[in-house]
Structures are given as C-alpha cells and as structure tokens.
Amino acid sequence: MSLTTAGKTPGPVRFYLACDHHGCTTHTTFDLVIPDPGPSRDDDLWGHLLHHTYTATPHIKELGWSYLHGNGYTCPTHQVPALPSAS
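Residues numbered from 1 in each chain as written. Predicted model: local features only at pLDDT ≥ 70, side-chain atom pairs only at ≥ 80, totals over all residues. Heavy atoms only, no water.

**Q** Help me out: how do you make sense of the pairing of strand β2 (residues 11–18) in this one?
**A** As a general feature of sheets, a regular strand has side chains that alternate between the two faces. Of the strand pairs in this sheet, strand β1 (residues 3–6) and β2 are connected by four bridges, and their pairing is antiparallel. When the sheet's bridge partners are listed, Ala6 is paired in β2 with Arg14. Between β1 and β2, which follow one another and run antiparallel, lie four residues, and Gly7 among them has a positive phi close to 120°. Taken together, the eight bridges between β2 and strand β3 (residues 27–34) define a ladder with antiparallel strand orientation. By the bridge assignment for β3, Pro12 is matched with Val33. (Pairing = 2+ DSSP bridges. Helix = DSSP H or I, 4+ residues; strand = E, 2+ residues; numbered from the N terminus.)

Right, here's the structure in full:
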C-alpha cells in the first residue's frame, strides 16, 4: 500500500505517501491535524479504515499527487493526463 498513516484522530496524523509508478522511488511525508474522530469500526468499517485518507485527499491533490484506481498513487512526475471529455 502506498499510503500509510501514524497517529489517531482526533489529533495529528502523519501520512507517508509513495509513488506506485513502476520503478519510481519518489515519496513524501506530511502531517495533518484531523479534528473529526470519524466513524467507529462497529458503525462503518470501511469509513473507519479510510477516514484519514478521505480527509487528506484535498491536501494530496494540492501536492500534485493523484490516485488512479487499480494503479495507486502517482507523484507529479508520473501524472497520467486526463482523458478528453466526450462532447
């Protein structure tokens, strides 16, 4: 997995992000304070597990990283160009 975390919400969480592009060794670390504890494991298992990621998504995009389903996270160097919209 290319995105891992250390810390518990509410409070500071450290994110470790590595590029999943074949052969790329680019990685970054950043900290966010997440004030919302998120759902409990019993109420929403997936929401509980992914709460940190959902909260960090805007910051990850600001850093120039993207997530492509099936391929994982890519650093700004390996961005996949957006497909043209059908019009």
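Now, onward.
**Q** Hey, could you run me through the pattern of salt bridges in this one?
**A** Pairing between side chains becomes possible if they bear opposite charge and their charged atoms approach one another. Counting across every chain of the model gives one salt bridge. Residue Arg14 pairs with Asp31 through a salt bridge whose shortest N-O separation is 2.7 Å. Of this pair, Arg14 sits in strand β2 while Asp31 sits in strand β3, and the two are 17 residues apart along the sequence. Of the residues examined, Arg14 reaches a relative accessible area of 36% and is grouped as partly exposed. (Salt bridge = Lys/Arg side-chain N within 4 Å of Asp/Glu carboxyl O. Buried < 20%, exposed > 50% of the residue type's maximum accessible area, 1.4 Å probe, protein only.)

**Q** What should I look at first to understand the side chain of His51 in this one?
**A** By secondary structure assignment, the location of His51 is in helix α1 (residues 45–62). Residue His51 is classed as buried on the basis of its relative accessible area of 8%.

**Q** Sorry if this is basic, but what is going on with the environment of Thr28 here?
**A** Its location among the elements puts Thr28 in strand β3. You can call Thr28 partly exposed: its relative accessible area is 22%. Non-local contacts of Thr28, meaning those with residues more than four positions away in its chain, are made with Phe15, Tyr16, Leu17 and Trp65. (Contact = heavy atoms within 4.5 Å.)

**Q** Is there a simple way to explain the nonpolar core in this structure?
**A** As a rule of thumb, soluble globular proteins bury nonpolar side chains together. With 14 residues, the main nonpolar core has Phe15, Ile60 and Trp65 as its most contacted residues. Contributing elements (two or more residues each) for this core: β2, β3 and α1. In this structure Phe15 touches Leu3, Thr4, Thr5, Thr28, Thr29, Phe30, Leu32, Ile34, His52 and Ala56, once residues within four positions along its chain are discounted. (Core = buried A, V, L, I, M, F, W, Y, C linked by side-chain atoms within 4.5 Å.)

**Q** Mind showing me how you'd approach the layout of surface pockets here?
**A** One way to see where empty space is left: roll a probe the size of a water molecule over the atoms. Reported here for the largest pocket is a volume of approximately 720 Å³. Lining the largest pocket are 29 residues, with Leu49, Leu50, His51, His52 and Thr53 sitting closest to its centre. At 11 residues, α1 tops the list of elements feeding residues into the lining of the largest pocket. Looking at side-chain class alone, the lining of the largest pocket contains 12 nonpolar, 13 polar and four charged residues. (1 Å grid on protein atoms, 1.4 Å probe; cavity = no way out; pocket = protein on both sides within 12 Å on 5 of 7 lines; lining within 4 Å. Points joined across faces, edges and corners; volume = space filled by probe spheres on them. Nonpolar A, V, L, I, M, F, W, Y, C, P; charged D, E, K, R; others polar.)

Nothing here speaks to function; it is geometry throughout.
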